[in-house]
Amino acid sequence: MGEPVRIIDIAERMIRLSGLEPGKDIGIKIIGMRPGEKLFEELFDKLETRAPSGLEGVMVATSAEFRWPTPRCG
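A few points on the structure. Since the model is a prediction, treat every value here as computed from it, not as a measurement.

Re the overall build of the chain
Right, so step 1: Across its full length, the chain carries one helix and two strands.
Right, so step 2: Listing each helix as α and each strand as β along the chain from the N terminus yields α-β-β.
Right, so step 3: For 74 residues, the compact-globule estimate of 2.2 N^0.38 gives 11 Å, and the chain exceeds it by more than 25% at 22 Å.
Right, so step 4: Projected onto its principal axes, the C-alpha coordinates of the chain cover approximately 75 × 40 × 15 Å.
Right, so step 5: Looking at the chain residue by residue over its 74 residues, the buried ones come to 3%.

Observations concerning the pairing of strand β2 (residues 59–62)
Each regular strand shows side chains that alternate between the opposite faces of the sheet.
Right, so step 1: Where strand β1 (residues 49–52) lies against β2, four bridges are found, and the strand directions are antiparallel. Within the sheet, the bridge partner assigned to Ala51 lies in β2 and is Val60.
Right, so step 2: From the end of β1 to the start of β2, which pair antiparallel, there are six residues, and Gly54 there has a positive phi angle of about 100 degrees.

Structural notes on the environment of Thr49
Right, so step 1: Its location among the elements puts Thr49 in strand β1.
Right, so step 2: Taking the C-alpha atoms as reference points, Thr49 and Gly27, separated by 22 residues in sequence, lie 45 Å from one another.

Side note on the pattern of salt bridges
Right, so step 1: Counted by the stated rule, this structure contains one salt bridge.
Right, so step 2: Measuring nitrogen to oxygen at the nearest pair gives 3.1 Å for the salt bridge that ties Arg6 to Asp9.
Right, so step 3: Residue class for Arg6 comes out exposed when judged on its relative accessible area of 54%.
Right, so step 4: Among the residues examined, Asp9 registers a relative accessible area of 34% and is labelled partly exposed.

Procedures and definitions
- For every chain, the first residue of the written sequence is number 1, and numbering continues from 1 onward in sequence order.
- The predicted origin of the model limits local features to residues at a pLDDT of at least 70 and limits the giving and counting of side-chain atom pairs to 80 or more, whereas totals for whole chains, interfaces and linings rest on all residues.
- Computation of side-chain values covers all heavy atoms of the structure but excludes hydrogens and water.
- Only DSSP runs of H or I with at least four residues qualify as helices, and only runs of E with at least two residues qualify as strands; both kinds are numbered from the N terminus onward.
- For the radius of gyration, the atom set is restricted to C-alpha positions; the globular benchmark scales as 2.2 Å times the number of residues to the power 0.38.
- Each residue gets one of three labels from its accessible area relative to the maximum for its type: buried under 20%, exposed over 50%, partly exposed in between, using a 1.4 Å probe on protein chains only.
- Strand pairing requires that DSSP identify at least two bridges connecting the strands.
- Whenever Lys or Arg places a side-chain nitrogen within 4 Å of a carboxyl oxygen from Asp or Glu, that contact is recorded as a salt bridge.

If you want it as structure tokens, here you go:
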């Protein structure tokens, strides 16, 4: 996944790539988080087992086995 990147840095870079200057040609308004927004993305579930994949920085997730209840007939 790589290192975390600040959203403000991405916005400024996009403005510069468009040939404009941040704060002069286009303003950036920081409004904070909205309800329901996350700071971090969970990549693995609590019930998953993680193991190395053989590639640097890449993990393999093995899901926990789920057993469905046996239906009772009669």
